[in-house]
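A look at the structure
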Amino acid sequence: LINHGQEEVGAAPEPFWCDILEFREQCSLSSAAAALQLYRGPFFEGLFVENVSPDLEEFIAATRAGARLEASRMAWLESGIKSTPATPPERFGREGGPSSKTRETKRACAG
């Protein structure tokens, strides 16, 4: 653990592996297949902490939204479909949208 003053504690990144950090790395490399293998749904889905800081709630919400958008972008990239003005990749992050169907189809085809 790393102490960042009296109110903040962090973890040194070296001894830890973190799926969201690896997911972001694979997305930054446009490695769609690897990124999609790491994405397992909303970040901290079902997490509830009583009396939590609003900053933590905002962090979780922002991380969740960003990861969903990146997963959608990776699914779009992996599909090979070219983007058109009528079907931008950003539309595919909504629940029940084509991105979830694309993932289901890929999983069914993969075995």
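The rules behind these values
- Every chain's residues receive numbers from 1 upward, in the order its sequence appears when written.
- Given that this is a predicted model, residues contribute local features only at a pLDDT of at least 70 and side-chain atom pairs are listed and counted only at 80 or more, while totals for whole chains, interfaces and linings are drawn from all residues.
- The basis for every side-chain value is the complete set of heavy atoms in the structure, and neither hydrogens nor water enter the calculation.
- Joining through side-chain atoms within 4.5 Å is the link that ties buried Ala, Val, Leu, Ile, Met, Phe, Trp, Tyr and Cys residues into a set, and such a set is a nonpolar core.
- Burial classes: relative accessible area under 20% of the type maximum marks a residue as buried, over 50% as exposed, and values in between as partly exposed (1.4 Å probe, protein chains only).
- Here a strand is any run of E in DSSP of at least two residues, a helix any run of H or I of at least four, and the numbering for each starts at the N terminus.
- Whether two residues touch is decided by their heavy atoms; if any such pair falls within 4.5 Å, the residues are in contact.
- Between Lys or Arg on one side and Asp or Glu on the other, a salt bridge is scored when a side-chain nitrogen of the former is within 4 Å of a carboxyl oxygen of the latter.

With that out of the way, let us pick up the nonpolar core. Side chains of a nonpolar character, in soluble globular proteins, are inclined to be buried together. By size, the foremost hydrophobic cluster in this structure holds 13 residues, and its most contacted members are Ile 20, Phe 23, Cys 27, Ala 35, Tyr 39, Ala 67 and Met 74. Of all the elements in the fold, those that place two or more residues in this core are α1 (19-28), α2 (32-38) and α3 (54-79). With near-sequence residues (within four places) excluded, Phe 23 lies in contact with Ala 35, Leu 38, Tyr 39, Ala 67, Glu 70 and Ala 71.

Let us look at the pattern of salt bridges. With the rule as written, the count across this model stands at one salt bridge. Salt-bridge contacts for Arg 73 lead to Glu 70; the nearest nitrogen and oxygen are separated by 2.8 Å. Placement of the pair is Arg 73 and Glu 70 together in helix α3, with a separation of three residues, close to one helical turn. Using a relative accessible area of 24% as the deciding quantity, one classes Glu 70 as partly exposed.

Any functional reading would require information that these geometric values do not contain.
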